[in-house]
Amino acid sequence: KNTAEHSSAPTHSIEETTLPTENIQTRQLPMYSVSLPITTQSEYADDGTILCNYSFQNISLIGPEPDVADAVIIDFLNVVDSTADDAAFVNACAQEDFKIRPNWSPYFYELIFQPKRLDQAILSLCGRDVTYSGGAHSMVSFVSRNYDLSTGKILKLTDILIDDTASTQLCDSVLVSLSQHDDAQYL
C-alpha cells in the first residue's frame, strides 16, 4: 500500500489575509537616549595614598535631531568644565593638608547628574555638587539642567510659567510643602 494515499492527517487550506494599509494609523515618537558615564580622576601621594578624587560625567545624547542633541551635549560639557577650577582647588588643598594631617581621608569633588525626565519634549537632569576637604562632613549643593528637546535650549521658569497667577500658585505650593517639614522654623 502507498501510505501517502491513506494518510489520516487532515489537510488544511491556509489563506493569507492582508489588512488594507489605509485603515492602519502609525505614529512614530521622536525618542532620545541619554547616557551619563562617570569618570573619576585620582591624585596620589608619592607613597601611593589617594589624595583627591574628582568625579564627573560625560554625556551621550542620541535622538532624531542631531543639532538638538549637540546643543545639549555642548551645554552639559560646559557645566562640567566650569567645575575644573573647583576640583583643582580641592586637589591643591589635599596636597598641602596630606603633609600635616594624621589619619588621612582622601578629599573629593564630584558633580553627578541623574536623569529625572526624558521624553520627546524635555530632558531634565538633577545633579549633586559635593565637596569634601577634610571637615566633619562634605558640602552639598544641588544643580539642575532642563532642556527643551525641540530646540536644545535650557528651559527657564519663565518658559513654563505663562502668567503671574501660575508663578504665585507655584510659590504658594512650595511654601506649603516646606512648612510641613521639621525645619519649618527657618521659613
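For the structure itself, consult the block above.
An account of the accompanying structure is given in this report. (Residues numbered from 1 in each chain as written. Predicted model: local features only at pLDDT ≥ 70, side-chain atom pairs only at ≥ 80, totals over all residues. Heavy atoms only, no water.)

1. Observations regarding the overall build of the protein
Of regular secondary structure, the protein possesses 4 helices and 7 strands. Going from the N terminus to the C terminus, the protein shows its helices and strands as β-β-β-β-α-α-β-β-β-α-α. For the protein, the residues scored as buried account for 25% of the 187 residues in total. Relative to all contacts within the protein whose residues are 6 or more apart in sequence, the contacts with residues 24 or more apart total 50%. Summed over all atoms, the accessible surface of the protein reaches about 13700 Å², with 52% contributed by carbon and sulfur. (Helix = DSSP H or I, 4+ residues; strand = E, 2+ residues; numbered from the N terminus. Buried < 20%, exposed > 50% of the residue type's maximum accessible area, 1.4 Å probe, protein only. Contact = heavy atoms within 4.5 Å. Areas by Shrake-Rupley, 256 points an atom, 1.4 Å probe, with all protein chains shown as cover.)

2. A short note on the packing of aromatic side chains
When we look at a pair of aromatic rings, we describe it by the centre distance and by the angle of the planes. Following the criterion strictly, the structure yields 7 aromatic pairs and no others. Ring geometry for Phe76 against Phe113: centres 5.1 Å apart, planes inclined by 65°, an arrangement best described as edge-to-face. Of this pair, Phe76 sits in helix α1 (residues 66–81) while Phe113 sits in strand β5 (residues 107–118), placing them 37 residues apart in sequence. Judged by relative accessible area, which is 0%, Phe76 ranks as buried. Judged by its relative accessible area of 2%, Phe113 is buried. (Phe/Tyr/Trp six-rings, centres within 6.5 Å; stacked < 30°, edge-to-face > 60°.)

3. Topic: the environment of Val143
Tracing the backbone through its elements, the reader meets Val143 in strand β7 (residues 139–148). Given the relative accessible area of 24%, Val143 is considered partly exposed. Measuring from C-alpha to C-alpha, the distance between Val143 and Leu111 comes to 8.8 Å, with 32 residues separating the pair along the chain. When near neighbours in sequence (up to four residues on either side) are disregarded, Val143 contacts Leu111, Phe113, Leu125, Cys126, Gly127 and Asp129.

4. Quick notes on the state of the cysteines
Enumeration over the complete set of coordinates arrives at 0 disulfides. Considering cysteine sulfurs only, Cys93 is the nearest to Cys52, which forms no disulfide, with 9.0 Å between them. (Disulfide = S-S within 2.5 Å.)

5. Things to note about the pattern of salt bridges
Pairs may arise between side chains of opposite charge once their charged atoms sit close together. Following the criterion strictly, the structure yields 4 salt bridges and no others. In this structure, Asp119 and Arg117 form a salt bridge, with 2.7 Å as the shortest nitrogen-oxygen distance. (Salt bridge = Lys/Arg side-chain N within 4 Å of Asp/Glu carboxyl O.)

6. A word on the pairing of β7
With 10 bridges connecting them, strand β6 (residues 122–132) and β7 associate as antiparallel partners. Bridge pairing in β7 places Leu123 opposite Tyr147. As consecutive antiparallel partners, β6 and β7 are separated by 6 residues, and within that stretch Gly134 has a phi angle of approximately 95°, a positive value. (Pairing = 2+ DSSP bridges.)

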